[in-house]
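Remarks on the overall topology
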Amino acid sequence: MAQSDSSSCKQAIQKLLYNLYYRHPNIEITGIDALNPSPHKVFILTTDNSGFFMLKLPPSSGIRLMRHEQRCPSQEIRILDIIPQDIPIPKVVGSDSTSNNAIGSPFLVRIYISGDPLPAVVRRFTTDDLDQVHEAIGISLRRATSIKQSQFGLASKVLVGQGYDNWMTAFQALLESILRDAEDVTLNIPYDCIRRWMECHMWKMKVVQVARLVPLRTGNPETVIINKQKTIAALSGWSDVVF
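Structural notes, computed from the coordinates. (Residues numbered from 1 in each chain as written. Predicted model: local features only at pLDDT ≥ 70, side-chain atom pairs only at ≥ 80, totals over all residues. Heavy atoms only, no water.)

1. Section: unusual backbone geometry
Definition in use: Each helix is a run of DSSP H or I of at least 4 residues and each strand a run of E of at least 2, with the numbering of both proceeding from the N terminus. Relative accessible area decides the class of each residue, using a 1.4 Å probe on protein chains only: under 20% of the type maximum gives buried, over 50% gives exposed, and in between gives partly exposed.
A positive phi angle, close to 65°, is found at Lys230, a residue other than glycine. By secondary structure assignment, the location of Lys230 is in the loop between β10 (224–226) and β11 (232–235). A relative accessible area of 32% means that Lys230 is categorised as partly exposed.

2. Structural notes on the nonpolar core
Heads up, the rule is: By nonpolar core is meant a set of buried Ala, Val, Leu, Ile, Met, Phe, Trp, Tyr and Cys residues that side-chain atoms within 4.5 Å join together.
Counting 25 residues, the largest nonpolar core has Val133, Leu213, Val224, Ile226, Trp238 and Phe243 as its most contacted members. Put simply, the parts of the chain that give this core at least two residues each are α2 (76–82), α3 (118–121), α4 (127–144), α5 (155–158), α6 (167–184), β10 and β11. Tallying contributions element by element places α4 first for this core, with three residues. Core analysis: the second largest hydrophobic core is formed by eleven residues, Ile13, Phe53, Leu55 and Phe107 among them.

3. Structural notes on the sheet that holds β10
Selection criterion: In this description, strands pair whenever DSSP reports at least two bridges between them. Here, residues are in contact when the closest pair of their heavy atoms is within 4.5 Å. Interaxial angle, 0 to 180 degrees, is taken between N-to-C directions of lines fitted to C-alpha atoms, where a helix line uses only the stretch in contact.
Pairing within the open sheet is antiparallel, and its three strands lie in the order β6-β10-β11. With partners counted over all chains shown, the strands left at the sheet margins are β6 (116–117) and β11, one partner each. Contacting β10 and β11, α4 runs over the sheet at an angle of about 35° to β11.

Okay, structure coming up:
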């Protein structure tokens, strides 16, 4: 039964890739490798013509998500669409926010960039090599943070017009959502004290007047993919962004 399910899944993914990317019906998936959940399910797909793709699907139904993680994988494409083209990001092949497709699930498919995360290769780098990588990261992040919006909050909300008019309100909503997540799992922390101090100091958030793109993970070592030339092949982690 498991083998039959696996075969059906493979055929569905083959049909999906054909519909999205290929012009001939002879495509064959030769490998499907699962990566660690993040919390979405992520798979690396290998085809018989040495093509590599990344498929991102929603988490399994049994996985508990924080409120800010309850978003469709295809929402990431809205963020990637506004990133300047000179920043090395993976090319998106296709996405769907519905289940009306070959695999019966919302998804995001993009080209998989081969390479190694920076922590895996950093020991082979000279000081100059590492300086050049850090400089390139800084240039890319400065370009990214120059992007502005008229609302504040999580990118998944802002880019569909559901953000907040000021950073103070957006920050308060984000922090309150974290506290409610903690309450849901009965974590023993001083909720009333945290909320009281939040109210006392919230006025300081008014100093933020411009809603700029701020990637929360991109630029961290594990999101920097390095190629054989010791340069940046891609920057990942764009699903976690606030303005």
